[in-house]
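Single-letter residue listing:
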Amino acid sequence: MSQGAGWVVACMCVGAVALPSLAVAQGSSAIGTARATVVTANIVVNGLADLDFGTVLGGVATTVLPTDANAGSFLVTGNPNAFITMTFTLPTVLTNTTGPPGTTMPISFGPTSARWLRQLNDPASGNPFDPSVVTVGRLGPPPRPFTYLWLGGTVTPSPAQANGLYTGNVVLTVVYF
Amino acid sequence: MRNLLIFAVAIVGLPRVLGAQGVLVAPHAIYIDHRVRSEAIQLYNPGDEPVEISVSTTFGYPVTDTTGRPTLRMIDSPDSTYPSASEWIQAFPRRVTLPPRRRQTIRLLARPPADLPDGEYWTRIIVAAKGGRVPVSGVAANDRIQVGLTLEVRTVIALSYRKGNVTTGLSVSDLHAQVLDDSLEIGMNLERQGEGAFIGTLKWRLQDAEGQTRAESDMPLAVYYTLEPRLRWPIDRLPAGRYQLVTELVSERDDLSSDVLLPIDPVRTSIDLVVP
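Conventions we followed
- Residues numbered from 1 in each chain as written.
- Chains lettered and ligands numbered in written order.
- Predicted model: local features only at pLDDT ≥ 70, side-chain atom pairs only at ≥ 80, totals over all residues.
- Heavy atoms only, no water.
- Pairing = 2+ DSSP bridges.
- Helix = DSSP H or I, 4+ residues; strand = E, 2+ residues; numbered from the N terminus.
- Axes fitted to C-alpha atoms, helices over the stretch in contact; angles between N-to-C directions.
- Domains from an automatic or database assignment.
- Contact = heavy atoms within 4.5 Å.
- Salt bridge = Lys/Arg side-chain N within 4 Å of Asp/Glu carboxyl O.
- Polar contact = N/O pair within 3.5 Å; in protein donor to acceptor, adjacent residues only side chain to side chain.
- Nonpolar A, V, L, I, M, F, W, Y, C, P; charged D, E, K, R; others polar.
- Buried < 20%, exposed > 50% of the residue type's maximum accessible area, 1.4 Å probe, protein only.
- pLDDT = per-residue confidence, 0-100.
- Phe/Tyr/Trp six-rings, centres within 6.5 Å; stacked < 30°, edge-to-face > 60°.

(A) Main features of the sheet that holds strand 6 (residues 72–77) of chain A. Read from one edge to the other, the open sheet built from nine strands follows the order 11(A)-10(A)-13(A)-6(A)-3(A)-1(B)-3(B)-8(B)-6(B), with strand pairing classed as antiparallel. The sheet is open, and its two borders are formed by strand 11 (127–129) of chain A together with strand 6 (89–92) of chain B, each paired with just one other strand. Averaged over all pairs of adjacent strands, the angle between their axes in this sheet comes to 25 degrees, without regard to strand direction. Relative to strand 13 (residues 146–151) of chain A, strand 10 (residues 114–118) of chain A is paired through five bridges, and the arrangement is antiparallel. Its bridge partner lying in strand 13 of chain A, arginine 115 of chain A is registered against tryptophan 150 of chain A.

(B) Focus on the sheet that holds strand 13 (residues 198–208) of chain B. Residue and element names in this part refer to chain B. Across the sheet, which stays open at both edges, the four strands sit in the order 14-13-17-18 with antiparallel pairing between neighbours. Each end of this open sheet is capped by a strand with a single partner; those strands are strand 14 (213–223) and strand 18 (267–275). The sheet shows a mean angle of 20 degrees between the axes of neighbouring strands, taken without regard to direction.

(C) Local environment of the domain arrangement of chain B. Residue and element names in this part refer to chain B. One can read the domain layout of chain B as domain 1 (24–163) and domain 2 (168–275). The C-alpha-based centres of domain 1 and domain 2 are spaced at 30 Å. Counting from both sides, the interface comprises 17 residues of domain 1 and, opposite them, 17 residues of domain 2. Here domain 1 is connected to domain 2 by zero salt bridges. There are six residue pairs in polar contact (both at pLDDT 80 or more) connecting domain 1 and domain 2. Mapped by element, the contributors of at least two residues to the side of domain 1 that touches domain 2 are strand 2 (29–33), strand 4 (51–64), strand 9 (119–131) and strand 10 (145–163). Here the side of domain 1 that touches domain 2 takes four residues from strand 4, the largest share from any one element. Classifying every residue of the side of domain 1 that touches domain 2 gives nine nonpolar, five polar and three charged.

(D) Structural view of the pattern of salt bridges. All names here are of chain B. Under the criterion given, the structure shown has 11 salt bridges over all chains. Arginine 253 serves as the salt-bridge partner of aspartate 255, at 2.9 Å between the closest nitrogen and oxygen. Of the two residues, aspartate 255 and arginine 253, both sit in the buried class.

(E) Just the environment of leucine 190 of chain B, in detail. Inspection of the secondary structure puts leucine 190 of chain B in strand 12 (residues 183–194). The residues contacting leucine 190 of chain B, other than those within four sequence positions of it, are Leu170, Ser171, Val172, Leu221, Val223, Tyr225, Thr226, Leu227, Pro229 and Leu249 of chain B.

(F) Structural view of the confidence of the model for chain A. A residue-level look at chain A finds 77% of positions with pLDDT of 70 or above and a mean pLDDT of 77. Here residues 1–40 of chain A is modelled with pLDDT under 50, and outside its nearest four sequence neighbours on either side it reaches 69 contacts, counting other chains as well.

(G) Layout of the packing of aromatic side chains. Residue and element names in this part refer to chain B. Inspection of the entire model under this criterion finds 13 aromatic pairs over all chains. Residues tryptophan 88 and tyrosine 121 carry aromatic rings whose centres are separated by 5.9 Å and whose planes lie at 65 degrees to one another, so their mutual orientation is edge-to-face. Separated by 33 residues along the polypeptide, tryptophan 88 in the loop between strand 5 (70–75) and strand 6 and tyrosine 121 in strand 9 bring together distant segments of the chain. You'll find tryptophan 88 and tyrosine 121 in the same group, each marked buried. One aromatic cluster is present, built from ring pairs that chain together Phe59, Tyr61, Tyr82, Trp122, Tyr224 and Tyr225.

(H) Just the pairing of strand 15 (residues 164–176) of chain A, in detail. Taken across its 13 residues, strand 15 of chain A has 12 buried, putting it largely inside the fold. Relative to strand 15 of chain A, strand 7 (residues 83–89) of chain A is paired through six bridges, and the arrangement is antiparallel. Following the sheet pairing, threonine 89 of chain A is matched in strand 15 of chain A by valine 171 of chain A. Direction of pairing for strand 8 (residues 93–96) of chain A relative to strand 15 of chain A: antiparallel, over a ladder of two bridges. Its bridge partner being in strand 15 of chain A, threonine 95 of chain A is matched across the sheet by threonine 167 of chain A. Note: strand 15 of chain A against strand 10 of chain B, 12 bridges, orientation parallel. If you follow tyrosine 166 of chain A over to strand 10 of chain B, its bridge partner there is valine 147 of chain B.

(I) Looking closely at unusual backbone geometry. Residues proline 142 of chain A and proline 143 of chain A are joined by a peptide bond in cis, for which omega reads 5 degrees. Relative to the elements of secondary structure, proline 143 of chain A occurs in the loop between strand 12 (135–138) and strand 13. The omega torsion of the bond from phenylalanine 92 of chain B to proline 93 of chain B falls at -5 degrees, within 30 degrees of zero and hence cis. With respect to the helices and strands, proline 93 of chain B occurs in the loop between strand 6 and strand 7 (95–98). The backbone of arginine 37 of chain B sits at a positive phi, close to 65 degrees, despite the residue not being glycine. If you trace the backbone, arginine 37 of chain B turns up in the loop between strand 2 and strand 3 (38–44).

Right, dumping it as structure tokens:
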């Protein structure tokens, strides 16, 4: 067994122990030569908490700050110190899905509606950024190769806003270099 | 090995993960050999709810913006001067619903033109994961105004397709640096040589007049055409004096097998610095 092949086997063993439901090594072959691709790192982007406005009152704007407990939060994990870019694609209106058809409610996001921070889940220390603008972030150094993101926003129901469940779609795009 | 352990710790140590809001993508960089023409990526849903996943391609490559920070230049319809593989890399399946804590293999197949010249071709794989629920607090009812936002997460990773003998290299110019209180800012101009992108690591160390290393660090780097990074690292406050900054670009990455990295001879550069 070559040194490289041994490394593959070692990686597979560690993967099997640490991540029983996820293969972390894969291989493919070419004619006349041994060839294997060792997967030594991954990227995972996860939502930790929903941006939660709860129940709002007609005629009363409700703002969730990125530092609030009910802000949306996200975690990116990958290669230590790697650069990433983060962009949100955000709705401007929410659509009532249970009330009168076609009813909408405005939602807005300001230039400091989002924050990001390496390593730590601490929005108060996070770097403010405009969620609608491409922003460069960086994963933390070992042993915490993380970037946390937080998102707030404002909904502005009219005084005569119809009752119902208003929904919209938030897209977070993370580019890994 | 270290990265595997870090990854395992990351999964085990993930804070409370809400269902249907994310996906793990492995590996985070794909290399396909022309002789094989296929590879696979693994997806894993660590949440408690199903995730709807779609896989697509687009062309893009890293550049630096006017402040020296890396960003991705995306080109929806690259012309023939770009080495794009976006048009002939296909994912199977392209759409899948992944149950909680289950994995899915996505096979990537290359169908390049028959007359494809030797070289390296690029695309970006976009893995979009969308939850199948509308998260709201409380019980949905029509006697109040409630708000629920769904989340879609798009993870964008690199794919390189190589045909024939592909080489790379780097030329470094205009290395400059300054010490700013508790940080060190390093800038340089990088230009790729050869046919393939340089994927490697920038290492640096700051030596005092006695040759002792007072600070050092490294970071992964990818140079597809040119890059003019201006990067800042936190360092301990340094006493006044003369220092030397030594940088080294090597074809090594902690997170990638050496099998897929195009080798180069290390490129070393140094400059003198004065801390007032």
